[in-house]
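# Residue-level structural notes
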Amino acid sequence: MSTENSPIKPSRSPSVIESLEDFESQDTLLKHVDISIVESEKRANGTLHVRDHYTVYLIDLKVTDPDYKLVQSKISTIWRRYTEFEQIHDYLQVTYPHVVIPPLPEKRILYAWRKSDTTDPEFVERRRAGLENFLMRVASHPRLCFDDQFISFLQQEHGWRETITDSGYKLHAENKLKSLSVSIRLKKPDPEIESVKNYGKQLETSLGNFLYTRSKIIEKSYALCKLHASYGKLFSEWSVIEKDMGDGLQKAGHYFDSIADSIDSLAEDEEQLADQLKEYLFYAAALQQLCSNHEALQQALENAHDTLNNRVAERSRAAAGKGSLMSRLFGTTEPDLARDVATRALDAKLAADTHAIHHARAALQEFNKKALLEIEHFQKQKDKDLHESLVGFITLQVKAAKKNLQAWTQIKECLQNMP
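The structure reproduced in this document is the subject of the present report. (Residues numbered from 1 in each chain as written. Predicted model: local features only at pLDDT ≥ 70, side-chain atom pairs only at ≥ 80, totals over all residues. Heavy atoms only, no water.)

## Quick notes on the packing of helix 2 (residues 82–95) against helix 4 (residues 148–155)
- Following both chains from N to C, one finds helix 2 and helix 4 inclined at 165°, their axes separated by 10 Å at the closest point. One way to sum up the angle between helix 2 and helix 4 is to call them roughly antiparallel. The handedness of the crossing between helix 2 and helix 4 comes out as left-handed. Counted together, Glu 84, Phe 85, Ile 88 and Tyr 91 of helix 2 and Gln 149, Phe 150 and Phe 153 of helix 4 form the full contact between these two elements.
- Residues that form the contact of helix 2 with helix 4 fall into these classes: five nonpolar, one polar and one charged. (Axes fitted to C-alpha atoms, helices over the stretch in contact; angles between N-to-C directions. Helix = DSSP H or I, 4+ residues; strand = E, 2+ residues; numbered from the N terminus. Parallel < 35°, antiparallel > 145°, perpendicular 65-115°, else oblique. Left-handed = near helix turned anticlockwise from the far one by under 90°. Contact = heavy atoms within 4.5 Å. Nonpolar A, V, L, I, M, F, W, Y, C, P; charged D, E, K, R; others polar.)

This is the structure:
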């Protein structure tokens, strides 16, 4: 569905965007304000004996452009729950079907390598960073950033939920889900969109496999490194009974302890890089959603053509059948006046069907124009981000390996220097 056909209208349209250069040169909210999530807080509601705990996040908005008038105040802060972030995300997804909507961080822990839950402080902190990244992605997108609901999300403390619900996006989203749940079989799928859709599936599979393998490797590495603490304890105890070798054994034990402790910082840094890869795991789903939106529009156009073809056949039968030889022989020919009325009614329907085709074709063409530009922007952004994340991941592994190699070298020197 095109933006113009959506029942929810964005309030501010960017200037005409014809190329990726135009896209990247557009004014955005992030050029005028700083957006951050400065802290999180655990809260509870319900009775004393039955409490529902949830986490809220404090959004901090500061205007960096003194002449900027779009936001209500120069500095504002507002608490938001994760469910409210889901609302604004779903709203954007419905209102801008041609955009690869920036994803939210995971709601539940995916590809975990150790037991933890959504109340874990480390997970809450990573989610805070992910939500902040979502806001910055939206605020830097020229088609999304100036939407009234998004601006209100950043500033309107009371009544925002009612306002966004009144926009009708939920009903439209439900109807859209019902339509997309029906298997779409196009007569002539768009090759470019099909290629993008298949790429989205492959990207999702590849990142999912990478994250799964990474979780298994870090799980085993963590257990192995922590076992080195047993070496440290053993060598320290051994040093007590060895007068001449005591110092060397004690130092070796210390280095074994350092190996055991080094895995904690590595695991923490890896989690941050894993979150960056998870963002594109979810981006892959958003890319496929855009392709599904295209398919729905293309199916609407094909259905409009089918309706017109059936109508043309119906009119031909009405004109030819009523004046046929069999009709004349058996006296079933209708008067000319009745025939004219029937054909005129069908002509009116044919005109409406033709108009529906033009409307559906225009909607599809407009969607294609915007969506292909969005896909190009996404691919460029994705190449840059994944390159940085993967290089960072490998650099982290090399750094950890060098650190452990240094520890083993020092252990070797300790033992060699013993008398």
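## Description of helix 4
- Burial within helix 4 is extensive, with seven of its eight residues counted as buried.
- Every buried residue belonging to helix 4 is among Gln 149, Phe 150, Ile 151, Ser 152, Phe 153, Leu 154 and Gln 155, and all of these are buried.
- A distance of 2.8 Å separates the backbone nitrogen of Gln 149 from a side-chain oxygen at the start of helix 4, and that oxygen is part of Asp 147. (Buried < 20%, exposed > 50% of the residue type's maximum accessible area, 1.4 Å probe, protein only. Polar contact = N/O pair within 3.5 Å; in protein donor to acceptor, adjacent residues only side chain to side chain.)

## Focus: the environment of Ser 389
- Tracing the backbone through its elements, the reader meets Ser 389 in helix 10 (residues 336–416).
- Distance from Ser 389 to Asp 275, taken between C-alpha atoms, is 9.7 Å for residues 114 residues apart in sequence.
- Each residue touching Ser 389, except ones within four places of it in the same chain, is listed here: Leu 273, Gln 276 and Leu 277.

## A short note on helix 2
- Between its first and last C-alpha, helix 2 extends 20 Å over 14 residues, near the 20 Å set by a 1.5 Å rise per residue.
- Within helix 2 the residues assigned to the buried category are Tyr 82, Glu 84, Phe 85, Gln 87, Ile 88, His 89, Tyr 91, Leu 92, Val 94 and Thr 95. (Expected span 1.5 Å × (residues − 1).)

## With respect to the pattern of salt bridges
- Enumeration according to the criterion identifies 27 salt bridges in this entry.
- A salt bridge links Lys 107 to Glu 86, with the nearest nitrogen and oxygen atoms 3.3 Å apart. A residue pair is termed long-range when its members are at least 10 positions apart, and Lys 107 in the loop between helix 2 and helix 3 (121–139) and Glu 86 in helix 2 qualify at 21 residues.
- Of the charged contacts in the structure, one is a salt bridge between Glu 125 and Arg 128, with a shortest N-O distance of 2.9 Å. Within this pair, Glu 125 and its partner Arg 128 are both found in helix 3, separated by three residues, close to a single helical turn.
- Here Arg 128 falls in the buried class, since its relative accessible area comes to 15%.
- One salt-bridge network, held together by shared partners, links Glu 106, Arg 126, Arg 214, Glu 270, Glu 271, Asp 275 and Lys 278. (Salt bridge = Lys/Arg side-chain N within 4 Å of Asp/Glu carboxyl O.)

## Concerning the nonpolar core
- Counting residues in each nonpolar core, the largest one holds 36 residues, and the members touching the most others are Leu 29, Ile 35, Ile 59, Phe 85, Ile 88, Leu 135 and Leu 154.
- The set of elements that each furnish at least two residues to this core consists of strand 1 (33–46), strand 2 (51–63), helix 2, helix 3, helix 4 and helix 5 (160–166).
- Looking at which element gives the most residues to this core, the answer is helix 3, with six residues.
- When sequence neighbours within four positions are dropped, the list of residues in contact with Ile 59 reads Ile 35, Ser 36, Ile 37, Ser 76, Thr 77, Ile 78, Arg 80, Phe 85, Leu 135, Phe 153 and Leu 154.
- Counting 30 residues, the second largest nonpolar core, distinct from the first, contains Val 100, Ile 193, Leu 281 and Leu 386. (Core = buried A, V, L, I, M, F, W, Y, C linked by side-chain atoms within 4.5 Å.)

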